[in-house]
Amino acid sequence: MTDKITILDFARMKSDGRKIVMVTAYDATFAGIFDEAGVDMLLVGDSLGMVVLGLPDTLSVTMEDMVRHTGAAARGRKRAFLVADMPFMSYQASVPEAVRNAGRLLQAGAEAVKLEGGRSMEAAIRAIASCDIPIMGHIGLTPQSVHRMGGYRVQGRSEGQAARLIDDALAVQDAGAFAVVLEGMPAGLAAEVTERLSIPTIGIGAGAGCDGQVLVMHDMLGLFDAFRPKFVKRFGELKNPVRDAVSAYSDAVRTGAFPDEEHSF
Ligand code: KIV
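Because the structure is predicted, anything quoted here is derived from the model rather than measured.

Section: helix 8 (residues 159–174)
The terminal C-alpha atoms of helix 8 lie 23 Å apart, and with 16 residues this matches the ideal 22 Å at 1.5 Å per residue to within 8%. Note on helix 8: the residue one or two positions beyond its end, Gly 176, has a positive phi of about 115 degrees.

Observations concerning the pairing of strand 5 (residues 135–140)
When you tally the buried positions in strand 5, you get six out of six residues, the bulk of the element. With two bridges connecting them, strand 4 (residues 112–114) and strand 5 associate as parallel partners. Bridging from a neighbouring strand, Val 113 pairs with Ile 135 of strand 5. With five bridges connecting them, strand 5 and strand 6 (residues 179–183) associate as parallel partners. Counted as the bridge partner of His 138 is Val 181 from strand 6.

Some words on the sheet that holds strand 4
The parallel closed barrel is built from eight strands, whose spatial order is 1-2-3-4-5-6-7-8. Taking the axes of each pair of neighbouring strands and ignoring which way they run, one obtains an average angle of 25 degrees across the sheet. Relative to strand 3 (residues 81–85), strand 2 (residues 41–44) runs parallel, the two sharing four bridges. Bridge assignment links Met 41 to a residue of strand 3, and that residue is Phe 81. Strand contacts of helix 5 (residues 95–108): strand 3 and strand 4, with the helix running at about 130 degrees to strand 4, the strand carrying the most contacts. Where helix 8 meets the sheet, it contacts strand 5 and strand 6, and its direction lies at approximately 175 degrees from that of strand 5.

Analysis parameters
Per-chain numbering applies: the sequence of each chain, read as written, is numbered from 1 onward. In keeping with the predicted nature of the model, local features appear solely for residues at pLDDT of at least 70, side-chain atom pairs appear and are counted solely at 80 or more, and the whole-chain, interface and lining totals rest on all residues. Neither water nor hydrogens contribute to the side-chain values; these are computed over all heavy atoms in the structure. Under the scheme used here, helices are H or I runs from DSSP no shorter than 4 residues and strands are E runs no shorter than 2 residues, and both carry numbers assigned from the N terminus. To estimate how far a helix should reach, multiply one less than its number of residues by 1.5 Å. Think of it in three bands: with a 1.4 Å probe and only protein chains considered, a residue is buried below 20% of the maximum accessible area for its type, exposed above 50%, and partly exposed in between. In this description, strands pair whenever DSSP reports at least two bridges between them. Comment: axis = line fitted to C-alpha atoms, over the contacting stretch for helices; angle = value between 0 and 180 degrees taken between N-to-C directions. Only heavy atoms matter for contacts: two residues are in contact if any of them lie within 4.5 Å across the pair.

Laid out in structure tokens, this is it:
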């Protein structure tokens, strides 16, 4: 598929049983590379708080951060569908504020927004969708709720929790979301949610039964090792090659080997 990916493709991919590939990107350079690699969806995740801004969690990521990085990623990609995260406190306090902030992310270049929460976020999801802003849900382990969850813990392990997550998924779908991220839940539960929903599910730490998968780019490329959840598979080990290249550059500058004649005017 070489045409621009649109929201219409994801429903088709679910019904055809074709897996949806999503990865995070926070700037134009990486968005361009991932686009060339053929990913379907790029996510400007609020995970940028940790992997780009060096913050301890996602809670202090601002709308300004998200708008800036969404614009950058949008300018770098051509074909992939671009989703931007709504940061903490950009949608919880009131529905009108949620709609306005979702609109800002679209104006920055996103084609859809994502927010965390199920049944409790129904009104915000419905209002955003009714303004023709495509919206993706995110349930299960929701990092913005880290303090309520008592840490980054797998959700839905008990029968009661599992039933609540199924209800959350149905609420997100009924409110008008076009897809939903299922994070940090048992594979069997994610497979059941995927079966029961007509919209696609995108899993992260939720097993193979989802309609697609998403990973944080720094995790999958081996660039971030402050912590490494069990679900992260490294498809590259880029930290050492990057460090070695910069260290070779440092040696060359210090010994006078760079710049040589070839790299001088
Ligand atoms: O912020 C993020 O990167 C995310 C993914 C982990 C789904 O929300």
